[in-house]
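# Secondary and tertiary structure notes
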Amino acid sequence: MPIADKMVKMVEAASMIRKMFEEGIRMKEKFGADHVFDFSLGNPDVPPPKIMQETLLDLIHDDTVSHGYMPNPGFMHVRQAVADYLNQTFNVGLTPDLIVMTVGAAGALNDCLRALINPGEELLTPAPYFVGYNQYAFVAGATLITASTRPDFHLDLEAIQTAITEKTRVVLINSPNNPTGAVYSAEELDGLGRVLEAASKKFDKRIYLISDEPYRKIAYDVTVPSVFDAYNHTIVLTSYSKELSLAGERIGYLAVHPKAEDARLIAGAAGVANTMMYVNAPSLFQQVVGRLQGITVDIDIYRRRRDIFCQGLKQAGYEFDVPDGAFYLFPKSPIENDVEFVNLLKDQNILAVPGTGFGGPGHFRLSYAVPDKTIIDSLPGFKKAIQSVK
Ligand code: PLP
């Protein structure tokens, strides 16, 4: 085997989405792009707001803008802008030294997991979960443990309580959720905060909560409650990948709750962790997002697609919970084996990802970050696929 032994499992874990991606390229070459319905990737296609381009151009033409080295956690004025925005929104009392600008949410997850977790300690997350968590846990030397969720994919606090051991250092949640679209309520989060407080006492060890929130702004008719209110020992992290459609520019941040135990130490360690991996977040786009706090893409586009897709799939006979946020649907596979059903969808030129890849077997994930026409034109294929197994 030419690759390192430790990489084999990682490569396998990443393979389900990648296989679909490669299959999509092959099928588009064979059948033509218009005849392939690719719902496999969560790659935002809604354009960034116009003001993003204007801000970028302003910065490019401004001779006073720095393109040099900076403090590794990011420009002070940008971290101040992020802290100001979070304080206005959540009244949390953040200072810029508790903010680290990162290479997307992925960079933020890598930074704070490496800052917090000792080799062999456990990272606990509710399943289904974002596949990238396997890789971030691996880089941090953490063991990824999962707790089941309720049938509607909301938090099962008893399952979390049971899964916490003396080795647990971090509980990682993601709301709005990829792949399920669930948005956790304030009551659920408060309950989780109580579970973590009790478990920290029981094991005489502080358990931290990491809230991965890249879809916070993509929520439909529900507010996404603040995790800062639920538990002091929380690190919130996010990116502008989805809310400003800047996924390729790799920009995000993490924010440590001012009341977290050892808050400044954790923010400092996360700032050092990024130095070890990528030195600092991209300079130009730090300055772009610093000026665009609170701005988002047009969420109504995603809402419209969600509604068209849900209506079409329901009429075809699929079962699913209507997502409250993010841009994914996670329907039940009409047969037990989700990988087999995803292959039946492929026969209709429809690309989906088996739930097994997300720790949610018996389901499949569809991303509706695609044009309306792709959704509408795919619906006859979805109907044929379900009819073929009924
Ligand atoms: N967390 C979740 C739940 C995601 O869905 C993603 C990307 O899809 C990430 C983290 C990584 O986001 P970013 O592209 O900002 O690094």
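To keep things clear, this report deals only with the structure shown in the data block. Each chain has its residues counted from 1, following the order in which its sequence is written. Restriction of local features to residues with pLDDT of at least 70 applies here, the model being predicted, together with a cutoff of 80 or more for giving and counting side-chain atom pairs; totals for whole chains, interfaces and linings are based on all residues. Note that the side-chain values use all heavy atoms of the structure and ignore hydrogens as well as water.

## Looking at helix α4 (residues 104-116)
Starting at the N terminus, helices and strands are each numbered in turn, a helix being any DSSP run of H or I of at least four residues and a strand any DSSP run of E of at least two. Given the number of residues in a helix, its expected span is that number minus one, multiplied by 1.5 Å. Taking 1.5 Å of rise per residue, 13 residues should cover 18 Å, and α4 covers 19 Å from first to last C-alpha, within 8% of that figure. Only protein chains enter the area calculation, which uses a 1.4 Å probe; residues under 20% of their type maximum are buried, those over 50% are exposed, and those in between are partly exposed. Within α4, eleven of the 13 residues are buried, which leaves it mostly tucked inside the rest of the structure. For α4, the set of buried residues is G104, A105, A106, G107, A108, L109, N110, D111, C112, L113 and L116.

## Thoughts on the site of the ligand
Residues are classed as near a molecule or strand on a simple rule: at least one heavy atom within 4 Å of it. Taken together, 13 residues sit near the ligand, with D212, Y215, S239, S241 and R250 positioned nearest. Polar contact is defined as a pair of N or O atoms within 3.5 Å, subject to the rule that within protein one atom must be able to donate a hydrogen and the other to accept it, and that residues adjacent in sequence are counted only when both atoms are side-chain atoms. In the environment of the ligand, an oxygen atom lies 2.7 Å from a nitrogen or oxygen atom belonging to the side chain of Y215. A distance of 2.7 Å separates an oxygen atom of the ligand from a polar atom in the side chain of R250. Summarising the interface, the protein chains cover 91% of the accessible area of the ligand, which totals 400 Å² for the free molecule. At three residues, α4 tops the list of elements feeding residues into the shell around the ligand. Side-chain classes are defined by residue name, with Ala, Val, Leu, Ile, Met, Phe, Trp, Tyr, Cys and Pro counting as nonpolar, Asp, Glu, Lys and Arg as charged, and the others, Gly among them, as polar. Residue classes in the shell around the ligand are distributed as five nonpolar, five polar and three charged. Here, Shrake-Rupley sampling with a 1.4 Å probe gives the accessible areas, and only protein chains in the shown set may cover a residue.

## Things to note about the packing of helix α2 (residues 50-61) against helix α9 (residues 283-290)
Taken N-terminus to C-terminus, the directions of α2 and α9 make an angle of 125°; their axes are 9 Å apart at the nearest point. For the element pair α2 / α9, the angle class is oblique. Between α2 and α9 the crossing geometry is right-handed. Residues M52, T55, L56, L59 and I60 of α2 pack against L284, F285, Q287 and V288 of α9. When the residues that make up the contact of α2 with α9 are grouped by side-chain class, the tally is seven nonpolar, two polar and no charged. Here the axes come from fitting lines to C-alpha atoms, over the contacting stretch only for helices, and the angles between their N-to-C directions go from 0 to 180 degrees. Between 65 and 115 degrees an angle is taken as roughly perpendicular, under 35 as roughly parallel, over 145 as roughly antiparallel, and anywhere else as oblique. Should the near helix be turned counterclockwise from the far one by less than a right angle, the crossing is left-handed, whereas a clockwise turn marks it as right-handed. Contacts are assigned to residue pairs that have any heavy atoms within 4.5 Å of one another.

## Quick look at unusual backbone geometry
Each neighbour pair has its own omega, and for A127 with P128 the value is 5°, a cis peptide bond. Tracing the sequence through the fold places P128 in the loop between β3 (122-127) and α5 (132-140). Residue N178 is joined to P179 through a cis peptide bond whose omega torsion reads 20°. Inspection of the secondary structure assignment puts P179 in the loop between β5 (168-174) and α7 (186-202). Residue F153 is not a glycine yet carries a positive backbone phi of 70°. With respect to the element layout, F153 can be found in the loop between β4 (143-148) and α6 (157-163). You will see that S245, though not glycine, has its phi angle at about 55°, which is positive. Within the element layout of this structure, S245 appears in the loop between β7 (234-239) and β8 (252-256).

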